[in-house]
Amino acid sequence: MDKFVAVRNLRLCTKDCLCLYVCPYGATDTENSIIDVTKCTGCGACAKACPSGAISMVPINYPPQQKKDKRVINSINSVIKNKAKAEKIAKNIAENTNKDGLFKLMKAFERSNRLMAEDLVREAGYMLPQSKNAHDLLENLVANPPDKNFPIEIAKKLLDKIPCNE
Amino acid sequence: MKYRCKICGFVYDDTKEKTPFEDLPDSWICPICNAPKSMFERIEDNIDDNNKENFNKSITENNQKTQTNSNNNSSNEYLNLSISELSILCTNLARGCEKQYKYEEMELFKQLAEYFDKISPAEKNNNVDELTNLISNDIEKGFPEINYAANNVNDRGALRVKTWSEKVTNMLNSLLLQYKSVGEKMIENTDVWVCSVCGFVYIGKTPPEMCPVCKVPSWKFEKVEGRKNG
C-alpha cells in the first residue's frame, strides 16, 4: 500500500488537540505545530480524530500525471507565450511610470499574467514536479545550460531530491 | 429579459430590477465582480445550452479528419521555450512542491526561476497598446483554439484552465479600457487585489467574498502594494 504522511493545515486548526491524544508516536505534539514527519508513520489516527478537518493524509508517492494531447499542448503554449510577454511588459511599464495608479494596475497585471501562465503550464504537461516532463527538462538544462552562469548544482539537486514517477 | 455577466455569472433580470438592462448607463458595472456592462450577454431562454452542445459537436465532427490524437509528448526541447517561459515553468513547479509540503525543493525551483527572470531579455514594445494587442490575440485566437483542441479529446482540465484564464483575460481587457478612458481616477482612494489562485484582478476597498472566477474565499486575494517612497 502507498505510504502517507499527516500534514496539519494551521489555518483550519482550532487547537482541539485530539491529534495529540490519539497519536501513538507523539508526532503531532510539536512546539511549532508542524507534524514531525520523522515520527509520523502515516496511520491516519490524527486525521480521523480531528474535529476541524485540519489534518490531511498526504501521499509520499504520486501517480503519474494525465497524458496530454499534442494539439492541446500546442494551443495552450501559444497562450502561455502571450502571457509571458504581457507579464514582462506590465513589469516594465510599472518600473518606468511615475503615476501611482498605473503602477498598481501594472503590478497587478504582472502578477495576474504569471498566475495564468503557471496554471496553463500545469495543463500543458507540467502538473507534477515528479513527472517525466519536469525531469527531462531538468536533465536537458544540466546537459545544455542556457549560459555559463546557469546554476547547474540546483538542477542536479532537484533531480536528486525528486525521483521521477513515470 | 435576462443578462449574464461573462466573468462571474451574475444574472441581471429585467423583470426583477427597476431599470431595464438596456437603459443602464455605460458606466454601470457588475455588482458582484465590477465587470463593465459590455461583459454582459443576453440569455436566450432554453435554447442556450442546446446551442452550445450542438456547436461543440460540430467542432468535433469537423475536426475528426485532421485529428492526430497523439499522446506522445515526450519531446522536451526546452530551447523551444523562451527564457521567461522557463521562469514560469519553474515557479509553477515550485508551487507544486509547496502543495506537497516539499519546501526545500520549492526554494530550489524558485532559485532557478529567479535566475531565468534575471537573464530574460526585455520586450520591444513596452506600452499599454501592446498589452491590448496580446489580450485581443488570446481572446480572438488563443482561447478558441484551446477550446477546439480540448473538446476534441475531452480534456476537461484544459477546458477548465481555458475557462478561468479567458475570464481573467476579459477582465484585464476591460480594466485596460477603463484606465484608458478614466485614467488615474480609476485607482484613487481604492485598492487593487489579485486572486492568488487564478489571477483575477479586482478594484475596491476590500476583496470580494468569493473570487468570481475560481470561487476561492477572500483571504486568497493579495493586495497590490503601492510604490515605495524614495
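Along each chain, residue indices are assigned from 1 in the same order as the chain's sequence is written. By the order in which they are written, chains take letters starting at A while ligands take numbers starting at 1. Local features are withheld for residues below a pLDDT of 70 in this predicted model, meaning they are given only at 70 or higher, and side-chain atom pairs are given and counted only at 80 or more; totals for whole chains, interfaces and linings count all residues. With hydrogens and water excluded, all non-hydrogen atoms of the structure serve as input to the side-chain values.

## Re the overall build of chain B
And then number 1: Put simply, DSSP H or I for four residues or longer makes a helix, DSSP E for two residues or longer makes a strand, and each gets a number counted from the N terminus. Broken down by element type, chain B carries five helices and six strands.
And then number 2: Overall, chain B shows an N-to-C arrangement of helices and strands of β-β-β-α-α-α-α-α-β-β-β.
And then number 3: Residue burial in chain B is summarised as follows: out of 230 residues, 46% are buried.
And then number 4: Here the Shrake-Rupley method, with its probe set to 1.4 Å, supplies the accessible areas, and only the displayed protein chains count as covering residues. Of the roughly 12800 Å² that chain B leaves accessible, carbon and sulfur atoms contribute 47%. Accessibility here uses a 1.4 Å probe with only protein chains present; expressed as a share of the type maximum, an area under 20% marks a residue as buried, one over 50% as exposed, and anything in between as partly exposed.

## Observations regarding the domain arrangement of chain B
And then number 1: For chain B, the assigned domains are domain 1 (1-47), domain 2 (83-119), domain 3 (126-182) and domain 4 (189-230).
And then number 2: Here the C-alpha centroids of domain 2 of chain B and domain 3 of chain B sit 24 Å apart. All domain edges in this entry derive from an automatic or database-based domain assignment.

## What to know about the pattern of salt bridges
And then number 1: The salt bridge definition used is simple: a Lys or Arg side-chain nitrogen within 4 Å of an Asp or Glu carboxyl oxygen. For the coordinates displayed, the defined rule picks out 24 salt bridges over all chains.
And then number 2: For K83 of chain A, the salt bridge goes to D138 of chain B, with nearest N and O atoms at 2.8 Å. In this pair, K83 of chain A sits in helix α3 (residues 70-96) while D138 of chain B sits in helix α4 (residues 128-152), so the two residues belong to two different chains.
And then number 3: Owing to a relative accessible area of 2%, K83 of chain A belongs among the buried residues under this scheme.
And then number 4: Assessed through its relative accessible area of 2%, D138 of chain B is described here as buried.
And then number 5: Among the salt bridges present, the one from K107 of chain A reaches E110 of chain A, with a minimum N-O distance of 3.2 Å. Placement of the pair is K107 of chain A and E110 of chain A together in helix α4 (residues 100-123), with a separation of three residues, close to one helical turn.

## Digging into the interface of chain B and chain A
And then number 1: The criterion used for residue contact is that any of the two residues' heavy atoms lie within 4.5 Å. With 95 residues of chain B at the interface, the matching set in chain A holds 78 residues.
And then number 2: Once two parts are brought into contact, the accessible area they lose, counted with a 1.4 Å probe and summed over both, makes up the buried area. At the boundary of chain B with chain A, total buried surface from both sides reaches about 7600 Å², with 62% on carbon and sulfur atoms.
And then number 3: Where chain B touches chain A, the interface holds 11 salt bridges.
And then number 4: For the salt bridge of E118 of chain A with R95 of chain B, the shortest nitrogen-to-oxygen distance reads 3.0 Å.
And then number 5: Contacts described as polar in this section are N or O atom pairs within 3.5 Å, which, within protein, must combine one atom able to donate a hydrogen with one able to accept it, while residues neighboring in sequence count only if both atoms come from side chains. Applying the counting rule to chain B against chain A returns 26 residue pairs in polar contact (both at pLDDT 80 or more).
And then number 6: Of all elements in the fold, only α2 (83-99), α3 (103-119), α4, α5 (156-182), β4 (191-195) and β5 (201-204) of chain B reach the threshold of two or more residues within the side of chain B that touches chain A.
And then number 7: No other element matches α4 of chain B, which puts 14 residues into the side of chain B that touches chain A.

## Digging into the packing of aromatic side chains
All names here are of chain B.
And then number 1: Any Phe, Tyr or Trp ring, taking Trp's six-membered ring, that has another such ring centre within 6.5 Å forms a pair; planes under 30 degrees apart are called stacked, those over 60 apart edge-to-face, and the others tilted. Within the structure shown, the criterion is met by 11 aromatic pairs over all chains.
And then number 2: The structure contains a cluster of three or more aromatic residues connected by ring pairs, namely Y3, F10, Y12, F21, W28 and F40.
And then number 3: We call a charge positioned over a ring when the NZ of a Lys or the CZ of an Arg lies within 6 Å of the ring centre and within 35 degrees of the ring normal. Note that R160 overlies the ring of W164, its terminal NZ or CZ placed 4.4 Å from the centroid.

## A word on the pairing of strand β1 (residues 4-8) of chain A
Regular strands have side chains that alternate between both faces of the sheet.
Residue and element names in this part refer to chain A.
And then number 1: Here β1 lies mainly inside the structure; four of its five residues are buried.
And then number 2: Only strands joined by at least two bridges in the DSSP assignment are considered to pair. With five bridges connecting them, β1 and strand β2 (residues 55-59) associate as antiparallel partners. From the neighbouring strand, V7 faces β2, where its bridge partner is S56.

## Digging into the state of the cysteines
Covalently bonding the sulfur atom of one cysteine to the sulfur atom of another cysteine gives a disulfide.
And then number 1: Cysteine sulfur pairs qualify as disulfides if the two atoms are within 2.5 Å. Counting across every chain of the model gives zero disulfides over all chains.
And then number 2: Sulfur of C46 of chain A: no disulfide; nearest cysteine sulfur belongs to C40 of chain A and is 6.2 Å away.
And then number 3: Looking at the unpaired C211 of chain B, the closest cysteine sulfur is the one in C198 of chain B, lying at 3.6 Å.
And then number 4: You can call C211 of chain B buried: its relative accessible area is 0%.

## Description of the sheet that holds β4 of chain B
And then number 1: Strand order across the open sheet formed by three strands is β5-β4-β6 (chain B), with antiparallel pairing between neighbours. Strands with a single pairing partner mark the edges of an open sheet, and in this sheet they are β5 and β6 (221-223) of chain B. Taking the axes of each pair of neighbouring strands and ignoring which way they run, one obtains an average angle of 30° across the sheet.
And then number 2: Lines fitted to C-alpha atoms define the axes, with helix axes restricted to the stretch in contact, and inter-axis angles between N-to-C directions lie between 0 and 180 degrees. In the packing of α4 of chain A onto the sheet, contacts are made with β4, β5 and β6 of chain B, and the angle to β4 of chain B comes to roughly 5°.

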